[in-house]
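Observations on the model geometry
These are the residues of each chain, in order.
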Amino acid sequence: MSTTVFINALELSNYAYKSLPGGISSFDSTLAIASNLPDLDKIIVLADSDFSLKGKYQVVQLPGSNMEDLISVFIAETGDSDNIFYFYGDTPLVDLSITERMYKNHLQYFASYTFADGYPFGMAPEILRKSVFSQLQTLSVKNKIKISRQSIFELIQKDINSYDIETEISSIDQRMLRVSLSADTKRNFNQLYRIIDELQAEGKAGEEAIVSILENKQELLRTEPSYINVQITGGCPQVCSYCPYPSFGGDIINRTDEMTLLQWKLILQKVKTFNDDAVFSISMWGEPGRHSNILGIVHELIKIEKFTLIIETSGVGWDHNIIKSISEIADGRIDWILSLDAQNPESYKELRGEGWEDANKTALYLHELFQDNLYIQSVRMETQEEYLEDFYRSWKEKGFNVIIQKHDHFCGVLPDLRVTDLSPVKRFPCWHIKRDLNILLDGTVPMCREDLKVENKLGNIFTDELSLIWENGKDRYLDHLSGSYPKICSECDEYYTYNF
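Residues numbered from 1 in each chain as written. Predicted model: local features only at pLDDT ≥ 70, side-chain atom pairs only at ≥ 80, totals over all residues. Heavy atoms only, no water.

Read across the open sheet, the seven strands follow the order β13-β12-β11-β10-β9-β8-β14; overall the sheet is parallel. Taken across any chain shown, the strands that pair with only one partner, and hence form the sheet edges, are β13 (401–406) and β14 (436–439). The average angle at which neighbouring strand axes cross in this sheet is 25 degrees, direction not considered. Judged from the four bridges that link them, strand β8 (residues 227–230) and β14 form a sheet pairing that is parallel. (Pairing = 2+ DSSP bridges. Helix = DSSP H or I, 4+ residues; strand = E, 2+ residues; numbered from the N terminus. Axes fitted to C-alpha atoms, helices over the stretch in contact; angles between N-to-C directions.)

So, in structure tokens, the structure goes:
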């Protein structure tokens, strides 16, 4: 019985080669881990460019970026080994004790595929039996899946009943922490650095110590924001019945104020300096399609490689020529959410106002250009619960993605129209305070989107350093960790919802 280890070093970020506490990089750590795996025959590093490694490591370049290419390399390079271990070259906390348990069960139960569940990403490898490679290859030809950190399981899911699968389940389910113990982004590298630093300070290592730190020292997990929610316009073509914006936004139908392109570029630059990857939304309040230079807004963001964009819109008032121009520069990094809410013009008018026909035309045009990057959305509320299933089925039958969004009463500012209470039995710290940054038209950064009166101002993005603004939100996060929830937080029903 022998194993081949495949370390995925495709498109590793520079953070994979930066030193962690103790002076060793994530990449070098993974090589050391690979050398200690059971029944080891050889170690293969998968690369997308030429680089050399000293010692017993073999470097193999992939011919492409799809799962078909990865499985082809598995077939070509596994040789006489019976099984393979597979993990990424920026995951220095892959745990040998977890891996050994997985491998033991993998052999004992003749598994095709073994993976860990309930642990953060980066604590365990995936294990594959050589005999399933040809089957996976056939599946990968039929399903053109890009190589990603979840792509092996994503591929197997396409025909999951054809595989004998074993799962190593964590004693504490930490999926809700959404932690990735990898050095793929600045945010994750800093998180990884803090965790390893804490491990060394405690003089501990291994599975139990890592799980304990993640469970009991969550102050280490708030690094940089991942979701940047920005208001770029003051005006909106509709006064929606379930939106608080008309109550504090003034005459939103006739407002024409907007963020300048220079101000937008300043935001982008500050975020890039502070956190080099992020998901942006330009729909905090107002209709982004009303911006006089919306194409310029989009284009400036797309220039920054690791930034992606969400445009949430009513679909009303858009110039289709501009939508076409946006599609030509999108680079697969733009998602659209079009809020329709209703299944007929009468209900639509009651919920949102005028614009039913225009919104539907925009939906069809966006689908033609963006396909799977478009989502049709409806808010689930008591007032339209009976129509929701028809709405969902109708758009799904047309081939559209559909989002059913929970109703937000904005901490009691609006009537509570929730159909059901989805909140967890046990409260946990707010995702939005932990990961989101919200920016109003004048640059003001409120604590969160629910802070409609800006009673908890963190700073101003145009005049203050982003690092200081973000630090100003730390105390509220620490309050949540200690179980203390100020009035606005105690009345909030959005703390458990998650953006990115």
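This is not the end of the story, as more comes after the structure.
A few words now on helix α7 (residues 207–216). Along α7, the positions that sit buried rather than exposed are E207, A209, I210, V211, I213 and L214. Buried residues along α7 sit against α3 (96–108) and α6 (186–202). (Buried < 20%, exposed > 50% of the residue type's maximum accessible area, 1.4 Å probe, protein only. Contact = heavy atoms within 4.5 Å.)

Here we take up the sheet that holds strand β4 (residues 83–88). Judged by pairing direction, the sheet is mixed, and its seven strands sit side by side in the order β3-β2-β1-β4-β6-β5-β7 without closing on themselves. What marks the edges here is a single partner per strand, and that holds for β3 (57–61) and β7 (165–169). Sheet twist, expressed as the mean angle between neighbouring strand axes with direction ignored, is 25 degrees. Here strand β1 (residues 3–8) pairs with β4 via six bridges, running parallel. Pairing of I7 across the sheet is with F87, part of β4.

For the rest of this paragraph, the subject is the nonpolar core. Among the nonpolar cores identified, the biggest contains 58 residues, and V230, W264, I267, F280, I334, W336 and I376 are the most heavily contacted of them. Here W264 is in contact with V230, I232, M259, F280, I282, I297, E300 and L301, once residues within four sequence places are set aside. The next biggest cluster of nonpolar side chains, apart from the first, holds 40 residues, and it includes A9, Y15, Y103 and F189. (Core = buried A, V, L, I, M, F, W, Y, C linked by side-chain atoms within 4.5 Å.)

Let's shift gears to the state of the cysteines. Applying the stated criterion to the full structure yields zero disulfides. Summary of cysteine pairing: C243 is not part of a disulfide, and the nearest cysteine sulfur, belonging to C240, is at 6.0 Å. Free cysteine: C411, not disulfide-bonded; nearest cysteine sulfur from C492 at 4.3 Å. (Disulfide = S-S within 2.5 Å.)

Once that is clear, we can look at the packing of aromatic side chains. Counted under the stated rule, the structure contains 26 aromatic pairs. Residues Y113 and F115 carry aromatic rings whose centres are separated by 5.5 Å and whose planes lie at 15 degrees to one another, so their mutual orientation is stacked. Accessibility classification places Y113 together with F115 in one group, the buried group. Between F428 and Y495, the aromatic rings sit 5.6 Å apart at their centres with planes inclined by 70 degrees, giving edge-to-face as the arrangement. With a gap of 67 residues between them, F428 in the loop between β13 and α15 (431–435) and Y495 in the segment after α18 (487–490) connect regions that are remote in the sequence. Overall, Y495 belongs to the buried group, its relative accessible area being 5%. Ring pairing ties together the aromatic residues F6, F74, Y86, Y88, F121 and F133, which thus form one cluster. Positioned over the ring face of Y498 is R178, at 3.7 Å from the centre of the ring. R222 extends its terminal NZ or CZ atom over the ring of W470, reaching a point 3.7 Å from the ring centre. (Phe/Tyr/Trp six-rings, centres within 6.5 Å; stacked < 30°, edge-to-face > 60°. Lys NZ or Arg CZ within 6 Å of the ring centre and 35° of its normal.)

For the rest of this paragraph, the subject is the side chain of T30. Here T30 shows up in helix α1 (residues 26–34). Judged by relative accessible area, T30 falls into the buried class, the value being 0%. The residues touching T30, leaving out its near neighbours within four places in the chain, are I7, F87, Y88, G89, D90, T91 and P92.

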